[in-house]
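A closer look at the structure
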Amino acid sequence: MAGRLRGWLKLSPRERVQFIALVPALAGVHAALAMFGYVRTRRWLERCSRHANPHSASKSDLAAATRLAELATIAGRHGLVTASCLRQSLLVYAWLRRCGLDPQLQIGVRKDGGGLEAHAWVALSGAPLSDVSPSDWSPLQHVPTPG
């Protein structure tokens, strides 16, 4: 408990507001995926996050987006629901689109022993916002992209 409080106190006021917004938003994405599935949820998020004038990411945009992804990971571990990488990525993707950026939602798979493992992350200007190594994952070629 003391570690969480220390972590909270280290956040800037802006990061605290973002974290407080991320927690219920992740629960909402979780519920939408459970009720409507991936395609309909992504289509809805893309409609809600459409921006009239998207722009290229600056260095400060990239740093802020990376921090947002870190906060989403923390909120995914300690929030109302335990949010998977897909839920976190969908939310960060929509958030950045709403800010007028052009993020890419990436989904990849790899063999893990006898089975397959999947992972989702967000990239901005070609750079992943998390510590994922895209070369470790084979991109899914047939991920439905709502149109």
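For the structure itself, consult the block above.
Now for a look at the structure at hand. No experiment lies behind these values; they were computed from the predicted model shown.

1. A word on the sheet that holds strand 1 (residues 104-112)
- Read across the open sheet, the 4 strands follow the order 3-2-1-4; overall the sheet is antiparallel. Lying at the two open borders of the sheet, with one neighbouring strand each, are strand 3 (127-128) and strand 4 (138-139).
- Relative to strand 4, strand 1 runs antiparallel, the two being bridged by 2 bridges. The residue of strand 4 that forms the bridge with Gly-108 is Pro-139.
- Each of strand 1 and strand 2 (115-124) is contacted by helix 4 (residues 85-98), which is oriented at about 20° to strand 2, the strand it contacts most.

2. Overview of the nonpolar core
- With 29 residues, the main nonpolar core has Leu-22, Leu-90, Val-92, Leu-96, Val-122 and Leu-129 as its most contacted residues.
- Taken together, the elements giving at least two residues each to this core come down to helix 2 (13-48), helix 3 (59-78), helix 4, strand 1 and strand 2.
- Non-local contacts of Leu-129, meaning those with residues more than four positions away in its chain, are made with Leu-62, Ala-65, Thr-66, Ala-69, Val-92, Leu-96, Val-122, Ala-123 and Leu-124.

3. Topic: the pairing of strand 2
- Note that strand 1 and strand 2 share 9 bridges and pair antiparallel. Bridge pairing in strand 2 places Lys-111 opposite Leu-116.
- In sequence, strand 2 turns back onto strand 3 through a hairpin of 2 residues, with Ser-125 there showing a positive phi of about 55°.

4. As for helix 3
- Here helix 3 is 20 residues long and its end C-alpha atoms lie 29 Å apart, about the 28 Å a rise of 1.5 Å per residue gives.
- By the burial criterion, the buried members of helix 3 are Ala-65, Leu-68, Ala-69, Leu-71, Ala-72, Ala-75 and Gly-76. The buried residues of helix 3 occupy an angular sector of 165° when the element is viewed end-on, so they sit on one face. In helix 3, the exposed positions angled more than 90 degrees off the buried face are occupied by Lys-59, Ser-60 and Arg-77.
- Looking at the buried side of helix 3, the elements it contacts are helix 2, helix 4 and strand 2.

5. Concerning the side chain of Glu-15
- Looking at the element boundaries, Glu-15 is found in helix 2.
- Only 3.0 Å separates the side chain of Glu-15 from the backbone nitrogen of Ser-12, close enough to count as a polar contact.
- With residues up to four places along the chain from it excluded, the contact list for Glu-15 reads Lys-10, Arg-67 and Leu-71.

6. Comments concerning unusual backbone geometry
- Even without being a glycine, Ser-125 presents a positive backbone phi close to 55°.
- Here Ser-125 is to be found in the loop between strand 2 and strand 3.
- Assessed through its relative accessible area of 53%, Ser-125 is described here as exposed.

What counts as what
Residues numbered from 1 in each chain as written. Predicted model: local features only at pLDDT ≥ 70, side-chain atom pairs only at ≥ 80, totals over all residues. Heavy atoms only, no water. Pairing = 2+ DSSP bridges. Helix = DSSP H or I, 4+ residues; strand = E, 2+ residues; numbered from the N terminus. Contact = heavy atoms within 4.5 Å. Axes fitted to C-alpha atoms, helices over the stretch in contact; angles between N-to-C directions. Core = buried A, V, L, I, M, F, W, Y, C linked by side-chain atoms within 4.5 Å. Buried < 20%, exposed > 50% of the residue type's maximum accessible area, 1.4 Å probe, protein only. Expected span 1.5 Å × (residues − 1). Arc of directions from axis to C-beta. Polar contact = N/O pair within 3.5 Å; in protein donor to acceptor, adjacent residues only side chain to side chain.

Just geometry here; none of it tells us what the structure is for.
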